[in-house]
Amino acid sequence: MTVHENSRLAIIGAGAVGSSLAYASLIRGSAREVVLYDIDAARVEAEVLDLAHGTPFTGSSTIRGSADLDVVAGANIVVVTAGAKQHPGQSRLDLAGVNVGILETLMPELIERAPDAVYVLVTNPCDVLAVAAQRFSGLPAGRVFSSGTVLDSSRLKWRLAERVGVTASSVHAMIVGEHGDSEFALWSQCRIGPIPVREWVDDRGELITVEELDQIAYEVKTAAYKVIAGKGATNYAIGLSGARIVEAVLNDEGAVLPVSSVLDDYRGVSGVALSVPSIIGAEGVSRVIDVPFSADEERLLHASAETIRQSLAALNLA
């Protein structure tokens, strides 16, 4: 993979997700230089040392890090993974309030050091935080967005590929809406190779039933809970998802990915961030694509928007 000569990726937060993103980016050669920032100096130093020891096996990318935010200066893309973790008994909204507070302080400091960067939020609740970060930064909506349902869509492709017996790269499917409980599969646009998913005939000569598609979508929606129950966090797949977004930006790809940016009259939805198919390049989101939705999908999109709108109102961000 070819990356721009001086491409610099800055990752905010050296926890499980941030360090996995750094690891994935080094292995994939996503950026020429990866810099890692964390307020915990000992942690970030240890993570960088561990990653640096592996760079003789990963090509020409370099890694460095610091507990001094100046390390992000001149970054082309900044991925924010830092945020408070959800504690027992704490609601998602409480968590959102804490993380919005962190962003209110952090975003102006980041903009000061990397004024030309594209900003990607991975911290949850990522749709709410995309709205907050865009507001606090004052940047155009296209330059501040969240990873949205890129990971959820990857889970969907993997699950469908497993079901029908083809490689995941031949499955064209997306989860859209909120990165959360109101997300939904855009089945009307789902293809296996060139064939619409509802017309796919399996090895037994049978179509995939609506009930089975609903079950697959439910498994995708709840996949994170299963991983978290077993190991405490999701980190590898989101790290790879983040690296994929980084590459789309740094290589100015024009890749279509379901990231979450603040929408402006997208199928009647404005002022909230939701994941919809978007074109990603050097300037971030250059365009959100107005794909056809079924009547039911349109209803689900508006329901998803209302979920985010209520959270924003509760946090005085509406």
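Residues numbered from 1 in each chain as written. Predicted model: local features only at pLDDT ≥ 70, side-chain atom pairs only at ≥ 80, totals over all residues. Heavy atoms only, no water.

## Description of the sheet that holds strand β12 (residues 255-257)
Logical step 1: What the three strands build is an open sheet, ordered β12-β15-β16; its pairing is antiparallel. Lying at the two open borders of the sheet, with one neighbouring strand each, are β12 and β16 (284-288). Taken pair by pair, the neighbouring strands of this sheet meet at an average axis angle of 40°, ignoring direction.
Logical step 2: Strand direction decides the pairing type here: β12 and strand β15 (residues 278-281), joined by three bridges, are antiparallel. In the sheet register, Leu257 faces β15, and the bridge partner there is Ser278. (Pairing = 2+ DSSP bridges. Helix = DSSP H or I, 4+ residues; strand = E, 2+ residues; numbered from the N terminus. Axes fitted to C-alpha atoms, helices over the stretch in contact; angles between N-to-C directions.)

## A word on unusual backbone geometry
Logical step 1: Cis peptide bonds are those with omega within 30 degrees of zero, and the linkage from Asn124 to Pro125 qualifies with -5°.
Logical step 2: Topologically, Pro125 is positioned in the loop between β5 (118-121) and α4 (126-137).
Logical step 3: If you check the backbone angles, Asp252 has positive phi at about 50° while not being a glycine.
Logical step 4: Structurally, Asp252 can be placed in the loop between α8 (236-250) and β12.

## What about the pattern of salt bridges?
Logical step 1: Enumeration over the complete set of coordinates arrives at 16 salt bridges.
Logical step 2: In this structure, Arg159 engages Glu219 in a salt bridge whose closest nitrogen and oxygen atoms are separated by 2.6 Å. Of this pair, Arg159 sits in helix α5 (residues 150-164) while Glu219 sits in helix α6 (residues 210-221), and the two are 60 residues apart along the sequence.
Logical step 3: Between Glu306 and Arg309 there is a salt bridge, and its shortest N-O distance comes to 3.3 Å. Of this pair, Glu306 and Arg309 both sit in helix α9 (residues 295-314), three residues apart, roughly one helical turn.
Logical step 4: Assessed through its relative accessible area of 34%, Glu306 is described here as partly exposed.
Logical step 5: Judged by relative accessible area, Arg309 falls into the partly exposed class, the value being 32%.
Logical step 6: One network of salt bridges, with partners in common, ties together Arg163, Asp202, Arg204, Glu206 and Glu212. (Salt bridge = Lys/Arg side-chain N within 4 Å of Asp/Glu carboxyl O. Buried < 20%, exposed > 50% of the residue type's maximum accessible area, 1.4 Å probe, protein only.)

## Some thoughts on the packing of helix α3 (residues 92-113) against α4
Two quantities define a packed helix pair, namely the angle between the helix axes and the distance between the axes.
Logical step 1: Interhelical geometry of α3 versus α4 gives an angle of 35° and a closest axis separation of 9 Å. You can see that α3 and α4 cross each other, and the crossing is right-handed. Only Val128, Leu129, Ala132, Ala133, Phe136 and Ser137 of α4 make contact with α3, whose side of the interface consists of Ala96, Asn99, Val100, Leu103, Glu104, Met107, Pro108 and Ile111.
Logical step 2: Of the residues that constitute the contact of α3 with α4, the class distribution is eleven nonpolar, two polar and one charged. (Left-handed = near helix turned anticlockwise from the far one by under 90°. Contact = heavy atoms within 4.5 Å. Nonpolar A, V, L, I, M, F, W, Y, C, P; charged D, E, K, R; others polar.)

## Focus: the environment of Ile39
Logical step 1: With respect to the helices and strands, the residue Ile39 is situated in the loop between β2 (33-37) and α2 (41-52).
Logical step 2: Ile39 gets classed as exposed once you look at its relative accessible area, which sits at 73%.
Logical step 3: Taking the C-alpha atoms as reference, Ile39 lies 27 Å from Ala224; in sequence the two are 185 residues apart.

## A word on the sheet that holds strand β11 (residues 195-196)
Logical step 1: Read across the sheet, three strands follow the order β7-β10-β11 without closing on themselves; strand pairing throughout is antiparallel. The sheet is open, and its two borders are formed by β7 (171-172) and β11, each paired with just one other strand.
Logical step 2: Pairing geometry for β7 and strand β10 (residues 191-192), over two bridges, is antiparallel. Bridged to Val171 within β10 is Ile192.

## What to know about the side chain of Ser147
Logical step 1: Mapped onto the secondary structure, Ser147 falls in the loop between β6 (144-146) and α5.
Logical step 2: In contact with Ser147, not counting residues within four places along its chain, are Val120, Leu121, Val122, Ile238, Ile245, Pro258 and Val259.

## Some thoughts on the pairing of β16
Logical step 1: Here β15 pairs with β16 via four bridges, running antiparallel. Residue Ile279 lies in a different strand from β16, and its bridge partner there is Arg287.
Logical step 2: Following β15, the chain reverses through two residues before pairing antiparallel with β16.

## Comments concerning the side chain of Glu183
Logical step 1: Considering the arrangement of structural elements, one finds Glu183 in the loop between β8 (175-176) and β9 (184-185).
Logical step 2: Although buried, Glu183 forms no salt bridge, and the nearest oppositely charged side chain, Arg155, lies 6.3 Å from it.
Logical step 3: Beyond its immediate chain neighbours, meaning those up to four positions away, Glu183 contacts Thr149, Asp152, Ile175, Val176, Glu178, Val220, Lys221 and Ser304. (Lys, Arg positive; Asp, Glu negative; His and termini not counted.)

## Describing α4
Logical step 1: Compared with an ideal rise of 1.5 Å per residue, which puts twelve residues at 16 Å, α4 spans 16 Å between its outermost C-alpha atoms and is within 8% of the ideal.
Logical step 2: If you check which residues of α4 are buried, you get Cys126, Asp127, Val128, Leu129, Ala130, Val131, Ala132, Ala133 and Ser137.
Logical step 3: Summarising the contacts, the buried residues of α4 are in contact with α3, β5, β6, β13 (260-262), β14 (273-275) and α9.
Logical step 4: Downstream of α4 by a residue or two, Gly138 has a phi angle that is positive, lying close to 75°. (Expected span 1.5 Å × (residues − 1).)

## Some points on the packing of aromatic side chains
Logical step 1: All told, the structure shown has one aromatic pair when counted by the stated rule.
Logical step 2: Judged by centre distance (6.3 Å) and plane angle (75°), the rings of Tyr266 and Phe293 are edge-to-face. With Tyr266 in the loop between β13 and β14 and Phe293 in the loop between β16 and α9, this pair connects stretches of sequence that are 27 residues apart. Like Tyr266, the residue Phe293 is buried in the burial classification. (Phe/Tyr/Trp six-rings, centres within 6.5 Å; stacked < 30°, edge-to-face > 60°.)

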